Amino acid sequence: MRQRVALIRTLALNPDLVLLYGISGASGMESKLAELQIPYIYLGEYLESSPLGKAEWLMAVGYIAGRSDQAQSLFKQIENNYSSLAKLSASEQHKPRVMLNTPYRDSWFIPSKQSYMVQLISDAGAECYTSANEGNSSHPIDTEQAYVWAAEADYWLNVGPCNSLAELTRQNPKFADIKSVTQHRVYNNNARQTPSSGSDFWESGVVRPDLILRDMIAIFHPELLGDKPYIVKDGLTLSADELYYYKQLK
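So, here is what we can say about the structure in this document. Source: prediction; values computed, not measured.

Moving on: helix α5 (residues 68-90). The end-to-end C-alpha distance of α5, which contains 23 residues, comes to 32 Å, matching closely the 33 Å that a straight helix rising 1.5 Å per residue would cover. For α5, every residue scored as buried is listed here: Ala71, Phe75, Ile78, Asn81, Tyr82, Leu85, Ala86 and Ser89.

Shown next as C-alpha cells:
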C-alpha cells in the first residue's frame, strides 16, 4: 500500500528523473517506474568506504541538476578542508582508543577496518576497535568482547538515541563503571536533527566529512585546532571549542 501511494505521488509530480536508494537491495519500484516511462537511477554513496568518496557523489547530483560547476567547486573546498585537517593529526603519536555503538537487540555491531567511520577516526588521530570482517559494513561481535573493549576505550562514540549519560546507563547498569562514562568522554552524533527528526549526521554529514573530521579532532586532540574559528559556510563559523554534529553527553 505504501509503495502504491508513493508511486501515485511520484506520478503526480511528473518528474524528469527519480533517485532511488538501494541500501537493502532493489526498492521494488523499478518495474513500475519503467512501465510509466519515468527514468530512474540509484545513488550509491552508501557503498563508499572513503569519507571523501561519499562526498564526491555531490558532483553526480550537481551534474543531474545542471549545476556541475558549483558542485565541483564545493567538493574541491570540502576536499581541501578535509586534507588540511587530516594533516594536523597525521603525526600525532598519542592515539586514543575509540569504541563505537551500543547493543541493539542483544547484538553489538562493530564496523570493519574498511568502514567509513573507522577511516574518519583514523584520520582524526585515534584508533577504533573493529570487527574481523571485510567490507564497509558493521557486523555483530561477541557481546562479552564488546564490553571488554568498551571498558578499555578512552572514548565512546555514536551511542544510539541517547542524549545523556543517565539514558545510556539505563540501558545497562554495567555502563556506569566504564572509564569513558566516568570520565565524561562519551560523545553522540545526534547534535543536529532534520525537520523530520532524522539525524543530520547521516544526511548533510554525507557531503561534509570535513565537518565530521573537525568534530573528531576537537574531541580527541583539541589542542591541534588552536583558537581559529572554523568556517562552516558563509555566515556560519564554529568557535574553537564548538562541535557541529557531535555533542558530549553529561
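A few words now on the packing of α5 against helix α10 (residues 209-220). Close contact between α5 and α10 brings their axes to 8 Å; oriented N to C, the two are set at 20°. On the basis of their axis angle, the class for α5 and α10 is roughly parallel. Crossing hand, α5 versus α10: left-handed. When α5 is examined against α10, the residues Ile78, Asn81, Tyr82, Leu85, Ala86 and Ser89 are found in contact with a partner set consisting of Pro209, Asp210, Leu213, Arg214 and Ile217. Classifying every residue of the contact of α5 with α10 by side-chain character gives seven nonpolar, two polar and two charged.

Before going further, it helps to spend a moment on the pairing of strand β3 (residues 97-100). Where a strand is regular, its side chains alternate between the two sheet faces. In this structure, β3 lies alongside strand β5 (residues 127-128), joined through two bridges in parallel fashion. Bridging across to β5, Val98 finds its partner in Cys128.

Another point: the sheet that holds β5. Strand order in the open sheet formed by five strands is β5-β3-β7-β8-β11, and the pairing between neighbours is mixed. The outermost strands of the open sheet, each flanked by one partner alone, are β5 and β11 (247-248). Set on the sheet, α10 makes contact with β3, β7 (155-157) and β8 (186-188); between it and β7 the angle comes to about 155°.

With that settled, the discussion passes to the packing of aromatic side chains. Tallied over the full model, the rule gives 13 aromatic pairs. Measuring from ring centre to ring centre gives 5.2 Å for Tyr129 and Trp149, while their planes differ by 15°; the resulting arrangement is stacked. Remark: Trp149 occurs in helix α7 (residues 143-152) and Tyr129 occurs in the loop between β5 and β6 (138-141); sequence separation between them is 20 residues. By relative accessible area, Trp149 is classed as buried at 17%. Seen in terms of ring centroids, Phe201 and Trp202 are 4.7 Å apart; in terms of plane orientation they differ by 80°. Their pairing is edge-to-face. Members of the aromatic cluster, each reached through a chain of ring pairs, are Tyr116, Phe201, Trp202, Tyr244, Tyr245 and Tyr246.

This paragraph deals with the packing of helix α6 (residues 116-123) against α10. Running from N to C, α6 and α10 point in directions that differ by 55°, and their axes come no closer than 9 Å. The angle between α6 and α10 places the two elements in the oblique class. Between α6 and α10 the crossing geometry is right-handed. In contact with Tyr116, Met117, Leu120, Ile121 and Asp123 of α6, α10 contributes Pro209, Ile212, Leu213, Met216 and Phe220. Its residues assigned to classes, the contact of α6 with α10 comprises nine nonpolar, no polar and one charged.

All right, on to a nonpolar patch on the surface then. A contiguous nonpolar surface patch, about 390 Å² in accessible area, is contributed by Leu19, Ile41, Tyr63 and Ile64. Relative to the assigned elements, Ile41 resides in strand β2 (residues 40-43).

For the coordinates displayed, the defined rule picks out six salt bridges. A salt bridge links Lys76 to Glu79; the shortest N-O distance between them is 3.7 Å. Note that Lys76 and Glu79 are positioned in helix α5 at a spacing of three residues, about one turn of the helix. The exposure class assigned to Glu79 is partly exposed, which follows from its relative accessible area of 25%.

Rules behind the numbers
- Residues numbered from 1 in each chain as written.
- Predicted model: local features only at pLDDT ≥ 70, side-chain atom pairs only at ≥ 80, totals over all residues.
- Heavy atoms only, no water.
- Helix = DSSP H or I, 4+ residues; strand = E, 2+ residues; numbered from the N terminus.
- Expected span 1.5 Å × (residues − 1).
- Buried < 20%, exposed > 50% of the residue type's maximum accessible area, 1.4 Å probe, protein only.
- Axes fitted to C-alpha atoms, helices over the stretch in contact; angles between N-to-C directions.
- Parallel < 35°, antiparallel > 145°, perpendicular 65-115°, else oblique.
- Left-handed = near helix turned anticlockwise from the far one by under 90°.
- Contact = heavy atoms within 4.5 Å.
- Nonpolar A, V, L, I, M, F, W, Y, C, P; charged D, E, K, R; others polar.
- Pairing = 2+ DSSP bridges.
- Phe/Tyr/Trp six-rings, centres within 6.5 Å; stacked < 30°, edge-to-face > 60°.
- Patch = residues over 30% accessible without salt bridge, like charges linked within 9 Å, V, L, I, M, F, W, Y side chains within 5 Å.
- Areas by Shrake-Rupley, 256 points an atom, 1.4 Å probe, with all protein chains shown as cover.
- Salt bridge = Lys/Arg side-chain N within 4 Å of Asp/Glu carboxyl O.

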